[in-house]
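Survey of secondary and tertiary structure
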Amino acid sequence: MTKQNNIEKMIWDYFSERIDNAFAIAGIMGNLFAESRLRPDALEFSTHERLGFSSEEYTKAVDDDTYLNFSDDHAGYGLAQWTDNERKNNLYAHAKDKGVSISDPTMQMEFLWEELSGGHIDVLHKLIESKSVQTASDVFLSDFENPFDQSDRVRQMRASYSRNFYYKYLTLEQLDESLSSYTDWRSDVCFFLQDYDTGEILYERNADRKCPIGSITKLMTAYSLMKRFLYDTSRLNEITVIDAETARMSNDRDFSGHEQFKAGEKVSLEQLLKLALISSACSSAVALVKHFYKEPAEFVGQMNRDASELSIDASFADCFGIDPHNQGSARGIAALGAAVISDYPWILSITAQKAVSHHGIEYPSTSILLKEDAVDGLDGLKTGTTNCAGACYLSTAQRRGHRVIAVVLNAQNEWERQMSVTDLLEYGLRKSS
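Residues numbered from 1 in each chain as written. Predicted model: local features only at pLDDT ≥ 70, side-chain atom pairs only at ≥ 80, totals over all residues. Heavy atoms only, no water.

What about the sheet that holds strand 1 (residues 190–195)?
In spatial order, the strands read 2-1-12-11-10; together these 5 strands make up an open sheet with antiparallel pairing. Taken across any chain shown, the strands that pair with only one partner, and hence form the sheet edges, are strand 2 (201–205) and strand 10 (378–386). Averaged over all pairs of adjacent strands, the angle between strand axes in this sheet comes to 5°, irrespective of strand direction. Note: strand 10 against strand 11 (residues 390–399), 8 bridges, orientation antiparallel. Each bridged residue has a counterpart across the sheet, and for Thr385 the counterpart in strand 11 is Ala391. Its contacts with the sheet place helix 10 (residues 172–182) against strand 1 and strand 2, and it is angled at close to 35° to strand 2. (Pairing = 2+ DSSP bridges. Helix = DSSP H or I, 4+ residues; strand = E, 2+ residues; numbered from the N terminus. Axes fitted to C-alpha atoms, helices over the stretch in contact; angles between N-to-C directions. Contact = heavy atoms within 4.5 Å.)

Topic: the packing of aromatic side chains
Within this structure, the stated rule accounts for 23 aromatic pairs. Centroid distance Phe53 to Tyr67: 5.3 Å. Interplanar angle 75°. Geometry classified as edge-to-face. You can see Phe53 sitting in the loop between helix 3 (48–51) and helix 4 (55–63) and its partner Tyr67 sitting in the loop between helix 4 and helix 5 (85–98), a full 14 residues away along the chain. When the ring of Tyr58 is compared with that of Tyr77, the centres are 5.6 Å apart and the planes differ by 45°; the resulting orientation is tilted. You can see Tyr58 sitting in helix 4 and its partner Tyr77 sitting in the loop between helix 4 and helix 5, a full 19 residues away along the chain. Residue Tyr58 shares its accessibility class with Tyr77, and that shared class is buried. Put simply, the rings of Phe53, Tyr58, Tyr67, Phe70, Tyr77 and Tyr92 touch in pairs and so form one group of aromatic residues. Lying across the ring of Phe70, Lys88 places its NZ or CZ 4.3 Å from the centre. (Phe/Tyr/Trp six-rings, centres within 6.5 Å; stacked < 30°, edge-to-face > 60°. Buried < 20%, exposed > 50% of the residue type's maximum accessible area, 1.4 Å probe, protein only. Lys NZ or Arg CZ within 6 Å of the ring centre and 35° of its normal.)

A closer look at the nonpolar core
Grouped together as the largest cluster of nonpolar side chains are 74 residues, with contacts concentrated most on Ile11, Phe15, Tyr58, Leu127, Tyr166 and Leu424. With 8 residues, the top contributor of residues to this core is helix 2 (residues 22–36). Counting 65 residues, the second largest nonpolar core, distinct from the first, contains Leu219, Tyr223, Ala247 and Val289. (Core = buried A, V, L, I, M, F, W, Y, C linked by side-chain atoms within 4.5 Å.)

Quick notes on helix 7 (residues 121–128)
Buried within helix 7 we find Val123, Leu124 and Leu127. Around the axis of helix 7, the buried residues are gathered within 100° of arc, so they sit on the same side. Those residues of helix 7 that are buried lie in contact with helix 2, helix 6 (105–117) and helix 8 (133–145). (Arc of directions from axis to C-beta.)

Digging into the pairing of strand 11
Strand 11 sits mainly inside the fold: 9 of its 10 residues count as buried. Between strand 10 and strand 11, which pair antiparallel in sequence order, lie 3 residues. With antiparallel pairing between neighbouring strands as the criterion, strand 11 and strand 12 (residues 402–411) make up a hairpin whose turn holds 2 residues, including Arg400 at a positive phi of roughly 50°.

Overview of helix 4
Those residues of helix 4 not exposed but buried are Ser55, Tyr58, Thr59, Ala61 and Val62. Taken down its axis, helix 4 places every buried residue within 165° of arc, on the same side. Looking at the buried side of helix 4, the elements it contacts are helix 3 and helix 5. Among the residues trailing helix 4, Asp65 stands out with phi positive, at a value near 60°.

Below you can see the structure in the form of structure tokens.
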């Protein structure tokens, strides 16, 4: 472990012994990183030329008492880039009292803690009560560091640094705590996280509880069609004609997708598959099925047989996900995702798309995480959202050649789904790397 990594781990451990909130610790560390790159001897870069010192030379001169203007030169120094003359004077006195260099990381952490638990106790309380990394990072930025530039760009940048530390040091117990806090401690939310490559289960809660899955159903539709017909991807070029019933469905706002087909319209199977999986168009799923089956009900029976053959704990009542009897367990839905990725990996080139265009209109992906590039490597697979199913997500991401699958069922809203899926995927990807 490098010296810098040792300092990073020391800082995390130091605050972990004093603050029982990983969001808060990450928020502090992200801001310290932005200020100093976690170098306890960091002299504010813009003052190097003005003062005529490098960081190392400045530190030595202060320690040797050959430079006597440390408290009054208004140069940012150390982990927190202390600038105010009174605070720098107190830092200097603290170092002398301890008999250590002003660059000593342990001394600086003790001094920072004294500041937080003393004159900035209100900041500390806000940090401890933080319910997200973003909140903690914003508190430390605005209420403690208080730099001149607190623009949205700076806030987002610092929060991104904080999230890196949060996921790097997140323990299984902290993951469980975070997921509980996101979902308001409800006991009916289902989670499952699995390493796709090894099959190792990394996290599970209520994983065998069967509940509605909404439009995740469309992925089972895609799987059953790929198994019989679309394994030959050249068939995606086939054209189907939208019938009057499907056109009416596409214009009914009780169904998802908003694609608004016209009776007699000709659409390729590839376009229908994209609309069904990216923008969750119900009528697109129906049109796909009708291209191969006279009655969608006949196909639904096949979906259930395919699920049984895969030993997937799921059952289906329609091919698009509105019926509340489209149900599955988080473990079963993860198995569906694994089967799709294993047997038809090309589908990820579709589910990774942020939008699909039709008639010159862009229909965005139902995955906000995908649209916002919130998780590096996220490339699928399917969301599901209905009144009875809540907000669900069968997700997958790959980094450095390693893939994980995460499932959230019965989240109450989009925020709960986003936060939970992000934590699961990030934990799994870092655990597996």
